[in-house]
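A closer look at the structure
For reference, the chains in residue letters:
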Amino acid sequence: AKQFVDFYYQTFDTNRAGLTQLYTETSMLTFEGVQIQGPQAIQEKLTSLAFKTVKHSIVTMDVQPASASGGQGILVFVCGDLIVDGGPQTLKFSQVFQLMPHPQVQGSWFVQNDIFRLNYG
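Residues numbered from 1 in each chain as written. Predicted model: local features only at pLDDT ≥ 70, side-chain atom pairs only at ≥ 80, totals over all residues. Heavy atoms only, no water.

**A word on helix 1 (residues 2–14)**
Compared with an ideal rise of 1.5 Å per residue, which puts 13 residues at 18 Å, helix 1 spans 18 Å between its outermost C-alpha atoms and is within 8% of the ideal. Listed in full, the buried residues belonging to helix 1 are Phe4, Val5, Tyr8, Tyr9, Thr11, Phe12 and Asp13. Those residues of helix 1 that are buried lie in contact with strand 1 (23–31), helix 2 (39–47), strand 3 (54–66), strand 4 (73–84), strand 5 (91–101) and strand 6 (109–119). (Helix = DSSP H or I, 4+ residues; strand = E, 2+ residues; numbered from the N terminus. Expected span 1.5 Å × (residues − 1). Buried < 20%, exposed > 50% of the residue type's maximum accessible area, 1.4 Å probe, protein only. Contact = heavy atoms within 4.5 Å.)

Rendered as structure tokens:
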């Protein structure tokens, strides 16, 4: 899970389009309450975000086996800070990933579900 989280946020911060490979046609992203399905739609959402640069800093990460999926999946909950366009204000965020073994790539994982929220207040 740590390898995935490190890869995901490093890629998000440097090349958001590179995240497409982590999603399949059944993958769903809920971004601030808006649901998006499939790798192309998810890529379009992530690459069309209003900021030019972003830097994530992970504060906590919790991991559980996703037993509802036959014990094969992993549930990852991330809390952290992000800085947008080099601004002085740090934003708090939470993100949940359900990772599943990739059906076509042995030893690889894909994001089945991804939920992102900024934390205000």
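**Section: the layout of surface pockets**
Roughly 200 Å³ of volume is contained in the largest pocket. Lining the largest pocket are Ala1, Gln3, Phe4, Phe7, Gln21, Leu22, Ile74, Leu99, Trp109 and Phe110. Looking at the lining of the largest pocket, the elements that each hand over two or more residues are helix 1 and strand 6. At three residues, the largest contribution of residues to the lining of the largest pocket is made by helix 1. Along the lines of polarity and charge, the residues of the lining of the largest pocket split into eight nonpolar, two polar and no charged. Volume-wise, the second largest pocket comes out at about 160 Å³. Looking at the second largest pocket, it is lined by 17 residues, and the ones nearest its centre are Phe31, Leu49, Phe51, Leu82 and Phe116. For the lining of the second largest pocket, the elements supplying multiple residues, two or more each, are helix 1, strand 1, strand 3, strand 4, strand 5 and strand 6. For the lining of the second largest pocket, the element with the highest residue contribution is strand 6, accounting for three residues. Of the residues contributing to the lining of the second largest pocket, the split by class is 13 nonpolar, two polar and two charged. (1 Å grid on protein atoms, 1.4 Å probe; cavity = no way out; pocket = protein on both sides within 12 Å on 5 of 7 lines; lining within 4 Å. Points joined across faces, edges and corners; volume = space filled by probe spheres on them. Nonpolar A, V, L, I, M, F, W, Y, C, P; charged D, E, K, R; others polar.)

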